[in-house]
Amino acid sequence: MKLGSTAKELLGAIGVVAIAVAALSIALGSPRRLVEELASVDPWALLASIALLMLVEVAKAARLCVLADKGLGSMRACLLARLLGRAAASVTPAGLGGIPTRTAVLASEARIEFGRAFGAAAGETLADNSVALLALFAGAALGVMNLVVLAVAALIAFLWVTGIVVGVHERTITALYRRFHITGTLRCSLERERRAALQALGILLKPRRAALVYAYTLAAHVLEYASVLVFTGTWGDPRLWLHSILAVEAGYLMIFTPAPGGGGGVEYALVSYLGPRLALYWRISYLIAALTPLALAYIVYPGFKEYLGNYRAASTCDDMERPEPSRAGASQASAY
């Protein structure tokens, strides 16, 4: 898997921008109106919004380090994983490239096993989604709702519950191995990574660590709300805060729309809560902040290639207790 800015990734970036332009043109009434609104964007507000969105990634990188059981000394690895993961989510259908990219970058840069990196990446997505679900259902209780968004929220909640139950249920996992004829050392390797993933996800069940994870999550989300409000110049209006909160949280869920970066679905949600003009301004800042880090892929690709070349799969089932995440000379992860 090459992490560079390939033609495929470029097409994805073009696709998500094209979908955003089309959706927002429809919301505003015409492409001409879109151009007029773009010309009227306050450049300083745009820069402030982009800066706030970058700070969001710093907070989420610190959260990722917690979930990966790494100290802030691994902040560079966590930040690269966050930036490239967000970029990948923005150019792949339904944002499906986000977790795999964060997993690959975090594993290779922090020198940890794939399973633990995957568990950390999935854990932060779960944290974001749980906050989004709570906010959207609370907004509905206050009378501000969109039935399409709420239906997607209910579906995502169901998928999370189902996925977690399957992941921890030994009989189901065993049945899946049999169904796909997975035996021998491959099964041992998969079990090793699954246990590492569950270990990372288990941090969310430890009160003190979970409190830290959600503190970083809430800080990141508040910064995102502010990145919307900066375009309004108004900070004391509770209604604006509520609509900004719901728009941001709806965006977390509507990214699962089957188009690059959730294109179409995200714009629909933003417009429904913010109106077309504010939705346009914030979507511009978000896409700039999300797509710019694609250039960083060239930094991590050599390390990832080396990591794969030195990664040792389990040769026997006894090796499930001794994960080998990195190249020779790198510190080894502790046993499960």
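So, here's what we can say about the structure.

Scoring rules and cut-offs
Residues numbered from 1 in each chain as written. Predicted model: local features only at pLDDT ≥ 70, side-chain atom pairs only at ≥ 80, totals over all residues. Heavy atoms only, no water. Disulfide = S-S within 2.5 Å. Helix = DSSP H or I, 4+ residues; strand = E, 2+ residues; numbered from the N terminus. Buried < 20%, exposed > 50% of the residue type's maximum accessible area, 1.4 Å probe, protein only. Phe/Tyr/Trp six-rings, centres within 6.5 Å; stacked < 30°, edge-to-face > 60°. Lys NZ or Arg CZ within 6 Å of the ring centre and 35° of its normal. Core = buried A, V, L, I, M, F, W, Y, C linked by side-chain atoms within 4.5 Å. Expected span 1.5 Å × (residues − 1).

**Some points on the state of the cysteines**
- Tallied over the entire structure, the rule returns 1 disulfide.
- Each disulfide pairs two cysteine sulfurs, and for C65 the partner residue is C78, the sulfurs being separated by 2.3 Å. Its S-S torsion of approximately 120 degrees makes the covalent link between C65 and C78 right-handed. Taken together, the residues C65 in helix α3 (residues 43–67) and C78 in helix α4 (residues 75–91) connect sequence positions 13 residues apart. By the burial criterion, C65 is buried, and C78 matches it.

**Regarding the packing of aromatic side chains**
- Scanning all chains against the criterion turns up 3 aromatic pairs.
- Considering the side-chain rings of F231 and Y281, the 5.7 Å spacing of their centres and the 45 degrees angle between planes classify their relative orientation as tilted. On the criterion of sequence distance, the pair formed by F231 in the loop between α10 (207–229) and α11 (238–254) and Y281 in helix α13 (residues 276–291) is long-range, its members being 50 residues apart. As far as burial versus exposure is concerned, F231 and Y281 are alike and both buried.
- Between W235 and W241, the ring centres sit 6.4 Å apart and the planes meet at 55 degrees, which makes this aromatic pair tilted.
- On the basis of relative accessibility, which here comes to 43%, the residue W235 falls in the partly exposed class.
- For W241, a relative accessible area of 25% translates into the label partly exposed.
- The aromatic ring of Y286 is capped on one face by R86, whose charged end is 5.9 Å from the ring centroid.
- Across the ring face of F180, the terminal group of R179 is positioned such that the distance to the ring centre comes to 5.6 Å.

**Structural notes on the nonpolar core**
- Membership of the largest hydrophobic core comes to 52 residues, with the highest contact counts inside it found for L136, F231, Y273 and W282.
- For this core, the element with the most residues is α13, which contributes 11 residues.
- The next biggest cluster of nonpolar side chains, apart from the first, holds 26 residues, and it includes A61, L84, A117 and A120.

**Points about α4**
- Taking 1.5 Å of rise per residue, the 17 residues of α4 would be expected to cover 24 Å, and the 24 Å separating its terminal C-alpha atoms lies within 8% of that figure.
- Most of α4 is tucked away: 14 of the 17 residues are buried.

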